[in-house]
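# Overview (structure and organization)
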Amino acid sequence: MSKQNIYKETLNLPKTKFAMKANLAQREPNMLKQWEESGLYNKLREIAAGRPKFVLHDGPPYANGNIHIGHAVNKILKDIIIKSQTLGGYDAPYIPGWDCHGLPIELNVEKKLGKPGVKVDAKTFRNGCRDYARKQVAGQKEDFKRLGVMGDWDNPYLTMDFKFEANIIRTLGKIIDKGHLHKGSKPVHWCTDCGSALAEAEVEYEDKKSPAIDVRFKVIDQQAVLSIFGVDSSELSINAVIWTTTPWTLPANQAVALHPDFDYVLLSTGSELLILAEDLYENAMARYGVEDFEILGRCKGAELEHQKLQHPFYDRQVPVILGDHVTADSGTGAVHTAPGHGQEDYSVGLKYDLEVDNPVGPNGCFVSGTELFEGQYVFKANPLVLEVLKEKNVLLHHEELLHSYPHCWRHKTPIIFRATPQWFISMDQSGLRGLAIAAAQKTVWLPDWGKARIEGMMENRPDWCISRQRTWGVPIAVFVHNETQELHPDTVKLIETIAQRVSENGIDDWFELEAVELIGDDAENYSKATDTLDVWFDSGVTHACVINEREELQFPADLYLEGSDQHRGWFQSSLLTSVAVNDVAPYKEVLTHGFVVDAQGKKMSKSKGNVIAPQKIMKTLGADILRLWVSSTDYTGEITVSDEILKRTADAYRRIRNTARFMLANMDGFDPSENCVAIKDTLPLDRWIIVKAEYLQQEIIAAYEQYEFHLVYQKVHNFCAMDLGAFYLDVIKDRQYTTQEDSVARRSAQTALYHIIEAMTRWIAPILSFTAEELWTLIPGEHPESVFFETWYAFPEEVQDEMDDVYWQQVLKVRVACSKEMEKLRSDKTIGSSLDAEVDLYCDTSNKTLLAKLENELRFVLITSEVRLHDLTDKPEGAVEFEELPGIALIVRASEQTKCVRCWHHREDVGRNSEHPELCGRCVDNVSGNGEVRHYA
RNA sequence: GUUGUAAUAGCUCAAUGGUAGAGCAGUUGAUUUAUAAUCAAUCGGUUGGAUGUUCGAGUCAUCCUUACAAAACCA
């Protein structure tokens, strides 16, 4: 054994069980098991009982498919908030939930079981849906837990729980009671082969050939229109001209729409006068083959509002109306309007109080009583309509047009728009719109543009159609009068009865119910409504079904947090239903995050192949890396992910992990109850880093409170790399290794490390939960089972120090200057380690006084073998000055002294002690004497 | 086409209208005393583009480009 090894054993080298290699993919699942077995979440509830509450209410993901990276971002952000609020001293329960009804699940179950009412009965089908949803929930739950998300996973909420279903119905009852429900009709995508309405997801667009026709609508008050156009008189008849590709909708025509701001011309063909848009008349004339024509006058569309026109083949007059949806890129600038057959026609029709006429039955045939076309299938009626138009001499032109048209995705046949009876939550009949806007104004929206966004939507949105003609959904459990369509007078009471039954038996209870059972003889006149509720209603009422139902939560929630797409979705459905029932928003604060995109800023899609699966990251890098990545981004905008970014994140993780490891390793043998040094007795350098950490903690807490986790990430990483790695830890190595094990010098530094690791483990716990818990078990001293049982670390009281942060910053500047000079010697191989060098500093008075305070310990701060202070006036030639360091010049040279084999400092006194001929004086003292004393660093 | 949000170094983020900064990565070197670690030095920018306003613009205004999101629409 060499002599060096003998002395090596006298050093206090770092030692720890905390592995350098994280092995997160293997380690994390064990930690999860441990959390689960010990019932961590429930224990935490007991510990936090009585604290002020912080309620982050979980928006339910849809129970279908594997979780993707967007889910992961959402859940991790929520988890970081829950955990940081917990550490901040709040009782922050987390009840995860799932959205379980609705079309996507139906479609998947249809593939297995067939269509309800065709291959299977509805009840069997609904059971199939329930099973399917349950399996989806189970799968997603495992992945969410694997992310390290802490919550009541054993008791989540599911919108298909019987009690939940019952409370959906109850909430609907309250909304009815408050007067917000209304029955109306609305055009929906309708497949005549299915005999049913189609959801947006069931519609696909294909090219279709349609007859494109130009039709005359004769002006009734010819004189009035002539004068609007500034024309004195004319014997010729005046016709507005519309252009359409769906002649079969003409029987339902109720108006002709013009654009208020377009210019329209009145032109004469010699045989008649036509009204056409200025920008379109040339095309139209070409289409009609008219070469000789004359413009007689012009006017704005708005001037023609309310003029009456003759329907082309029915004995009725229809008004001219105005709409911004009229465009000038095709047609005539005058739009045939049939509110029963088109969404825009419907909404503009509402403004003008037009009749929503729907003469078409579920099978696509004109209903009995439809003049001229009774019993005809709509697409077969097109030629008949043309014949009638020719007969009446109102058809100006006809050609075939190939255009994009909606088709049924199942039958591949063209679909139609058909007005059907639907249930609506009215925005205005009981003032819901105003209430919602007022409530939105009282809510804090983060980022703040969310407020304008939601307000804009509230101002403009139409009534909410909450009915769906579907099987897997919560019923609109009301009785409707067969003749009047009015609700049963006892509706509110009946709904409570139904809700009680549903909470026992689920929604099947309603579908199987005989009306007689509930309303007795009234059953003759009343029928059960068969529609189900829009699933947005289900999730929208979680404030009633979850927040108000779960004891650990309280209304209104402190925070909702979802992707920014939910302004249109859940934030809005929650706001409307809550305001309808409670007059206030269900949340005090709404936070949104953006969407995950790839390195080029493109959205992730399977077809592009740029998808990064969270499962894969967890299996390779580990959940803590995924969590650290989430924390590192400014999530208010787009969230970028790529292999490079994840690699950088893993680098940052290793830096944090290794810093913690080194601190633990230097606390070997440290028992805080025995060895902690009182703050007033610690060395100034150690006190300084403790105070530094304490101030940093304040910044970190503030960042957590403002949900700015990327600042936490930056600050923690910076602290590890700069304050600790590049300075403090580097400087104290000498003291840790070479002084006596139980010396104040060493214990003082360990005290600092102890306070820092206690604090830092808490700082990272909300983000690097697995790593924090791993660290937690290795921090010296007594601790509760989990870091999450704690609150932010209480640092020892600060003492006023002459050597404050300003002082050390100046010392640091000197250190940087020395490093630069040493680098020169290193590059020409004069020295290797900085301990091979010695430094002469030529200082002005103030700097000399300042540096002299460290006495002969300055060399330890500069990590060099000797430092000598001189007056600046004695500066010799060759002394170097730095712009950043005025008042100091320095010379660095290789030491000529012998190197101590134990501490590696080059010292004059090496070899003076004959028993330890290779040691310097202080090492002799440390090895066989009373040990060296340090005063400053 | 409409509305909203965004664009700063290879990456992640900073910069009350006042000299564009950090950290990481890269490069080079040191280190058998943090060694699949650590330390040091060093390189890196016409702030997406263009016009304004201003003594002065990354920041304010207008337009354009690109991306993301939303609600639609094609009669």
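Residues numbered from 1 in each chain as written. Chains lettered and ligands numbered in written order. Predicted model: local features only at pLDDT ≥ 70, side-chain atom pairs only at ≥ 80, totals over all residues. Heavy atoms only, no water.

All right, on to the overall build of chain A then. Helix and strand content of chain A: 31 helices and 32 strands. Relative to its length of 937 residues, chain A is extended, with a C-alpha radius of gyration of 39 Å against a globular reference of 30 Å. The principal-axis extent of the C-alpha atoms belonging to chain A is close to 130 × 70 × 45 Å. With 937 residues in all, chain A has 57% of them scored as buried. (Helix = DSSP H or I, 4+ residues; strand = E, 2+ residues; numbered from the N terminus. Rg over C-alpha atoms; globule rule 2.2 N^0.38 Å. Buried < 20%, exposed > 50% of the residue type's maximum accessible area, 1.4 Å probe, protein only.)

Positionally, Arg934 belongs in the segment after α31 (921-928). Arg934 gets classed as buried once you look at its relative accessible area, which sits at 6%. Separated by 2.6 Å, the side chains of Arg934 and Asp734 make a polar contact. Side-chain polar atoms of Arg934 contact the backbone oxygen of Ala937, separated by 2.8 Å. (Polar contact = N/O pair within 3.5 Å; in protein donor to acceptor, adjacent residues only side chain to side chain.)

Before going further, it helps to spend a moment on the protein's contact with RNA strand B. Neighbouring residues of RNA strand B: 62 residues in total, closest Val335, Gly601, Asp634, Lys829 and Arg902. Glu823 places a polar side-chain atom, nitrogen or oxygen, 2.9 Å from a sugar or linking oxygen of RNA strand B. Secondary-structure elements contributing two or more residues to the surface near RNA strand B are β7 (238-244), β14 (334-337), α10 (343-352), α13 (449-460), α22 (643-665), α25 (709-738) and α28 (805-827). Of the residues forming the surface near RNA strand B, the biggest block, eleven residues, is contributed by α25. Residues belonging to the surface near RNA strand B are distributed by class as follows: 19 nonpolar, 21 polar and 22 charged. (Near = heavy atom within 4 Å. Nonpolar A, V, L, I, M, F, W, Y, C, P; charged D, E, K, R; others polar.)

Here strand β30 (residues 885-894) lies mainly inside the structure; seven of its ten residues are buried. Direction of pairing for strand β27 (residues 837-843) relative to β30: antiparallel, over a ladder of seven bridges. Across the sheet, Cys843 pairs through a bridge with Ile888, a residue of β30. Here strand β29 (residues 880-882) pairs with β30 via three bridges, running antiparallel. (Pairing = 2+ DSSP bridges.)

Counting through the fold element by element, Pro876 comes out in the loop between β28 (866-871) and β29. The spacing of Pro876 and Ser865 is eleven residues in sequence and 21 Å in space, taken between C-alpha atoms. Residues in contact with Pro876, not counting those within four places in the same chain, are Tyr842 and Ile891. (Contact = heavy atoms within 4.5 Å.)

The next subject is the sheet that holds strand β1 (residues 56-57). Spatial strand order, β1-β23-β24-β17: four strands in an open sheet with parallel pairing. Edge positions in the sheet fall to β1 and β17 (444-446), since each has one partner strand and no second. Of the strand pairs in this sheet, strand β23 (residues 557-563) and strand β24 (residues 587-593) are connected by six bridges, and their pairing is parallel. In the strand pairing of β24, Gly563 is matched with His593.

Moving on to the nonpolar core. One finds Phe479, Phe537, Trp629, Tyr728, Trp808 and Leu841 to be the most contacted residues of the largest nonpolar core, which totals 209 residues. The greatest single-element share of this core, amounting to twelve residues, is contributed by α25. Sequence-distant contacts of Tyr728, defined by excluding residues within four places in its chain, comprise Leu685, Asp686, Ile689, Asp723, Ala749, Ala752 and Leu753. The next biggest cluster of nonpolar side chains, apart from the first, holds 53 residues, and it includes Phe217, Ala255, Tyr264 and Leu266. (Core = buried A, V, L, I, M, F, W, Y, C linked by side-chain atoms within 4.5 Å.)

Further remarks concern the sheet that holds strand β5 (residues 196-197). If you trace the four strands from one edge of the open sheet to the other, you get β5-β4-β16-β18, paired in antiparallel fashion. The two strands at the open ends of the sheet, each matched to only one other strand, are β5 and β18 (464-465). Pairing of strand β4 (residues 181-191) with strand β16 (residues 416-425), which is carried by ten bridges, proceeds in the antiparallel orientation. Bridge pairing in β16 places Lys186 opposite Thr420.

The grouping of Asp490, Asp521, Asp522 and Glu524 at the surface amounts to a negative patch. Note that Asp490 resides in the loop between β20 (479-481) and α14 (491-505). What makes Asp490 partly exposed here is its relative accessible area of 37%. (Patch = residues over 30% accessible without salt bridge, like charges linked within 9 Å, V, L, I, M, F, W, Y side chains within 5 Å. Areas by Shrake-Rupley, 256 points an atom, 1.4 Å probe, with all protein chains shown as cover. Salt bridge = Lys/Arg side-chain N within 4 Å of Asp/Glu carboxyl O. Lys, Arg positive; Asp, Glu negative; His and termini not counted. Charge placed at Lys NZ, Arg CZ, Asp CG, Glu CD.)

Close contact between helix α24 (residues 684-705) and α28 brings their axes to 10 Å; oriented N to C, the two are set at 110°. With respect to their mutual orientation, α24 and α28 come out roughly perpendicular. Facing α24, whose interface residues are Pro684, Leu685, Trp688 and Lys692, α28 presents Asp805, Trp808 and Gln809. Taken together, the residues of the contact of α24 with α28 break down into four nonpolar, one polar and two charged. (Axes fitted to C-alpha atoms, helices over the stretch in contact; angles between N-to-C directions. Parallel < 35°, antiparallel > 145°, perpendicular 65-115°, else oblique.)

For a regular strand, the rule is simple: side chains alternate between the two faces of the sheet. Here β23 lies mainly inside the structure; seven of its seven residues are buried. Across two bridges, β1 lies against β23 in parallel orientation. Among the inter-strand pairings, His57 is bridged to a residue of β23, identified as Tyr560. Handedness of the β23-helix α19 (residues 570-582)-β24 crossover: right-handed. (Right-handed = clockwise from strand over helix to strand, strands pointing away.)

A few words on the packing of aromatic side chains. Summed over the entire model, instances satisfying the criterion amount to 28 aromatic pairs. Taking 6.0 Å as the distance between ring centres and 65° as the angle between the ring planes, the aromatic pair formed by Tyr377 and Phe379 counts as edge-to-face. With relative accessibility at 26%, the residue Tyr377 sits in the partly exposed group. Residue classification places Phe379 among the buried residues on the basis of a relative accessible area of 19%. Here the aromatic rings of Phe670 and Tyr754 are separated by 5.9 Å at their centres, their planes lie at 50°, and the arrangement is tilted. Separated by 84 residues along the polypeptide, Phe670 in the loop between α22 and α23 (672-675) and Tyr754 in helix α26 (residues 744-764) bring together distant segments of the chain. The same class applies to Phe670 and to Tyr754, which are both buried. Positioned over the ring face of Tyr41 is Arg45, at 4.8 Å from the centre of the ring. (Phe/Tyr/Trp six-rings, centres within 6.5 Å; stacked < 30°, edge-to-face > 60°. Lys NZ or Arg CZ within 6 Å of the ring centre and 35° of its normal.)

In this section: the pattern of salt bridges. All told, the structure shown has 57 salt bridges when counted by the stated rule. Across the pair Arg501 and Asp509 runs a salt bridge, and its minimum N-O distance is 2.7 Å. Given the relative accessible area of 11%, Asp509 is considered buried. The residue Arg922 makes a salt bridge to Asp734 at a minimum N-O spacing of 2.9 Å. With Arg922 in helix α31 and Asp734 in helix α25, this residue pair connects regions lying 188 residues apart in the sequence. In this structure Asp734 comes out as buried when scored by relative accessible area, which is 14%.

What follows covers the state of the cysteines. Cysteine pairs can be linked by a disulfide, which is a covalent bond between their two sulfur atoms. If you walk through the whole model with that rule in mind, you get zero disulfides. With no disulfide of its own, Cys843 lies 9.7 Å from the sulfur of Cys818, the closest cysteine sulfur. Note on Cys843: relative accessible area 1%, which makes it buried. (Disulfide = S-S within 2.5 Å.)

By the secondary structure assignment, Leu851 is in helix α29 (residues 845-852). Relative accessible area serves as the criterion here: at 0%, Leu851 is assigned to the buried category. In this structure the C-alpha to C-alpha distance between Leu851 and Pro556, which are 295 residues apart in sequence, comes to 59 Å. Ignoring any residue separated from it by four or fewer positions in sequence, one finds Leu851 in contact with Tyr807, Val811, Val814, Leu841, Cys843, Leu858, Leu869 and Ile888.

This paragraph deals with the confidence of the model for chain A. Looking at chain A, the pLDDT average stands at 91 and 99% of residues meet or exceed 70. Across the interface, the model reports ipTM at 0.95; the global pTM reads 0.90. (pLDDT = per-residue confidence, 0-100.)

With the exception of glycine, the majority of residues adopt a negative phi angle, and the majority of peptide bonds are in the trans configuration. Here the residue pair Leu446 and Pro447 is connected by a cis peptide bond, since its omega of -5° sits within 30 degrees of zero. As for its placement among the helices and strands, Pro447 is situated in the loop between β17 and α13. Positioned with a positive phi, His306 is a non-glycine residue whose angle comes to about 75°. Examined against the element boundaries, His306 turns out to sit in the loop between β11 (294-300) and β12 (308-310). The phi dihedral of Ile863 is positive, around 50°, even though this residue is not glycine. Mapped onto the elements, Ile863 comes out in the loop between α30 (858-861) and β28. Given a relative accessible area of 17%, Ile863 falls into the buried group.

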